[in-house]
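One letter stands for each residue in the lines below.
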Amino acid sequence: MDRSSEIREFLRTRRARITPAQAGLAPHGGARRVPGLRREEVAQLAGVSVDYYIRLERGRTQGVSTSVLEAIARALHLDDTERAHLFDLAQPTTARARRRRPLAPQRVHPVLYRTLDSLSVPAVVQGRRTDVLAANRLAHALYTDFEARPRRERNFARYVFLDEAARTLYADWEKVAGDCLAMLRLYAGRHPDDPQLTELIGELSLYSDTFRRMGGDHDVVAHTTGTKRLHHPIVGDLTLDYLVLAVEGDLEQTLTIYTPEPASPSAEALGLLASWTGSSATGPRTPEEKTDSAGDHGRQAHS
């Protein structure tokens with residue numbers, strides 16, 4: 001990832017979405033050449049010189065202070081996720097160098113595997129780059145059997161952008177795809193030198209027109225809760241609320257749990273899917289299969 005290009009486009013797109021009126025600036029007469037704030041106006045709002053802000057937007061962030069970044073975040077009305085992304089992009093060179101060490105493999109704790117199997121609703125453990133580290137039977141039935149895929153393809157972004165089944169599953173596929181890209185961009189700000197991320201971005205750029213088209217948005221997002229509307233090929237329409245929980249011991253590993261409204265058509269449909277899954281030929285995993293799966297992820301998963 002070209003960090004100078006990323007910070008330039010991120011700041012440019014953030015100021016383009018804010019009008020002078022929204023920023024609290026007095027209106028000026030005459031036509032404006034930009035849809036949002038000018039660089040001079042961002043500098044004014046942040047209390048820095050125009051030249052300083054221009055250098056920053058061009059990616060020259062060496063020595064930039066926390067107070068300046070905070071002021072720019074306030075001027076551009078950045079939310080908490082965007083603010084964190086700005087700090088990641090503008091961090092000092094010495095901090096970036098420390099992160100060039102190879103990333104340690106992520107491991108799913110055996111207790112987390114047992115937790116997945118004990119849940120009566122779909123649940124997925126995701127790691128870096130939206131890789132799927134683990135999922136219970138109902139999640140596989142709801143989305144796709146990630147464990148049956150080659151290890152490098154156990155990735156939610158790959159599934160959303162490259163699997164035609166995902167387009168028919170999600171009622172609002174474009175939004176889901178945009179959110180996936182926004183999560184990848186947020187991750188890239190923290191780990192710009194991750195070779196597996198580079199491989200993933202290259203593959204998605206090569207094979208997905210939508211991914212290339214959305215690439216200019218430069219949005220970032222960190223999901224915590226929300227709603228998914230799905231049209232499942234077996235049980236039909238479902239509306240599921242989801243909650244994303246951090247996994248203790250690995251801040252880049254999350255557990256996402258999907259639940260329907262009680263006594264709703266979605267709850268009935270999910271119950272039918274659970275019945276179908278429970279009666280499938282594969283059946284529930286045995287303790288031996290859980291151990292083998294956990295060990296396999298522990299040795300090889302970089303998701």
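Heads up: the structure comes first, above all this text.
Residues numbered from 1 in each chain as written. Predicted model: local features only at pLDDT ≥ 70, side-chain atom pairs only at ≥ 80, totals over all residues. Heavy atoms only, no water.

### Considering the overall build of the chain
Part 1 of the argument: The helix and strand inventory of the chain stands at 16 helices and five strands.
Part 2 of the argument: For the chain, with 303 residues in total, the buried portion stands at 48%.
Part 3 of the argument: Within the chain, counting contacts between residues at least 6 apart in sequence, those at least 24 apart form 60% of the total.
Part 4 of the argument: Here the chain displays about 15,400 Å² of accessible surface, and carbon together with sulfur accounts for 53% of that area. (Helix = DSSP H or I, 4+ residues; strand = E, 2+ residues; numbered from the N terminus. Buried < 20%, exposed > 50% of the residue type's maximum accessible area, 1.4 Å probe, protein only. Contact = heavy atoms within 4.5 Å. Areas by Shrake-Rupley, 256 points an atom, 1.4 Å probe, with all protein chains shown as cover.)

### What to know about the layout of surface pockets
Picture a little ball the size of a water molecule; that probe, rolled over the atoms, points out where space is still empty.
Part 1 of the argument: The volume enclosed by the largest pocket comes to roughly 680 Å³.
Part 2 of the argument: Looking at the largest pocket, it is lined by 31 residues, and the ones nearest its centre are Gln 126, Met 183, His 223, Val 244 and Thr 254.
Part 3 of the argument: Going through the elements one at a time, α12 (173–190), β4 (236–247) and β5 (250–259) are the ones with two or more residues in the lining of the largest pocket.
Part 4 of the argument: Of the residues forming the lining of the largest pocket, the biggest block, eight residues, is contributed by α12.
Part 5 of the argument: Here the residues of the lining of the largest pocket sort into 17 nonpolar, eight polar and six charged. (1 Å grid on protein atoms, 1.4 Å probe; cavity = no way out; pocket = protein on both sides within 12 Å on 5 of 7 lines; lining within 4 Å. Points joined across faces, edges and corners; volume = space filled by probe spheres on them. Nonpolar A, V, L, I, M, F, W, Y, C, P; charged D, E, K, R; others polar.)

### What about the sheet that holds strand β3 (residues 225–232)?
Two modes of strand pairing occur in sheets, parallel and antiparallel, and in both the strands are linked by backbone hydrogen bonds.
Part 1 of the argument: Here five strands make up an open sheet; going across it, the order is β2-β1-β5-β4-β3 and the pairing antiparallel. Either end of the sheet is taken by a strand with one partner, and the two such strands are β2 (132–135) and β3. Averaged over all neighbouring strand pairs, the angle between strand axes comes to 25 degrees, with direction disregarded.
Part 2 of the argument: Alignment of β3 against β4, held across eight bridges, turns out to be antiparallel. Across the sheet, residue Thr 227 finds its bridge partner in β4, namely Asp 241. (Pairing = 2+ DSSP bridges. Axes fitted to C-alpha atoms, helices over the stretch in contact; angles between N-to-C directions.)

### Notes on the packing of helix α6 (residues 80–89) against α12
Part 1 of the argument: Interhelical geometry of α6 versus α12 gives an angle of 35 degrees and a closest axis separation of 8 Å. Seen along the crossing, α6 lies across α12 with a hand that is left-handed. Where α6 approaches α12, its residues Thr 81, His 85, Asp 88 and Leu 89 are matched on the opposing element by Arg 185, Leu 186, Gly 189 and Arg 190.
Part 2 of the argument: When its residues are assigned to classes, the contact of α6 with α12 shows two nonpolar, three polar and three charged. (Left-handed = near helix turned anticlockwise from the far one by under 90°.)

### Overview of helix α5 (residues 66–75)
Part 1 of the argument: The complete set of buried residues in α5 reads Val 68, Leu 69, Ala 71, Ile 72, Ala 73 and Ala 75.
Part 2 of the argument: Among the structural elements, α1 (3–16), α3 (39–46), α4 (50–57) and α6 are those in contact with the buried residues of α5.
Part 3 of the argument: In the segment just after α5, His 77 is the residue with positive phi, at about 55 degrees.

### Some thoughts on the packing of aromatic side chains
Part 1 of the argument: Counted according to the given criterion, the structure contains 10 aromatic pairs.
Part 2 of the argument: On the basis of an interplanar angle of 35 degrees and a centroid distance of 5.6 Å, the ring pair of Phe 146 and Phe 156 is categorised as tilted. Taken together, the residues span a long stretch of sequence, with Phe 146 in the loop between α9 (137–142) and α10 (156–162) and Phe 156 in helix α10 at a distance of 10 residues.
Part 3 of the argument: Judged by its relative accessible area of 6%, Phe 156 falls in the buried class.
Part 4 of the argument: The ring of Phe 87 has Arg 83 lying over it, and the distance from NZ or CZ to the ring centre is 4.6 Å.
Part 5 of the argument: Over the aromatic face of Trp 173 sits the side chain of Arg 167, whose NZ or CZ is 3.8 Å from the ring centroid. (Phe/Tyr/Trp six-rings, centres within 6.5 Å; stacked < 30°, edge-to-face > 60°. Lys NZ or Arg CZ within 6 Å of the ring centre and 35° of its normal.)

### Notes on the packing of α3 against α5
Part 1 of the argument: At a minimum axis distance of 8 Å, the contact between α3 and α5 shows a crossing angle of 120 degrees. In the crossing of α3 with α5, the sense of the turn from one axis to the other is right-handed. In contact with Val 42, Leu 45 and Ala 46 of α3, α5 contributes Ala 71, Ile 72 and Ala 75.
Part 2 of the argument: The class makeup of the residues in the contact of α3 with α5 is six nonpolar, no polar and no charged.

### Focus on a nonpolar patch on the surface
Part 1 of the argument: A contiguous nonpolar surface patch, about 330 Å² in accessible area, is contributed by Leu 162, Leu 206 and Tyr 207.
Part 2 of the argument: Overall, Tyr 207 belongs to the exposed group, its relative accessible area being 59%. (Patch = residues over 30% accessible without salt bridge, like charges linked within 9 Å, V, L, I, M, F, W, Y side chains within 5 Å. Salt bridge = Lys/Arg side-chain N within 4 Å of Asp/Glu carboxyl O.)

### So, unusual backbone geometry
A negative phi holds for most residues other than glycine; trans holds for most peptide bonds.
Part 1 of the argument: Its identity is not glycine, yet Arg 129 carries a phi of approximately 60 degrees, on the positive side.
Part 2 of the argument: Relative to the helices and strands, Arg 129 resides in the loop between β1 (123–126) and β2.
Part 3 of the argument: On the accessibility criterion, Arg 129 (4% relative accessible area) is buried.
Part 4 of the argument: With phi around 60 degrees, His 218 is a residue other than glycine that occupies positive phi space.
Part 5 of the argument: Among the secondary structure elements, His 218 is positioned in the loop between α14 (209–214) and β3.

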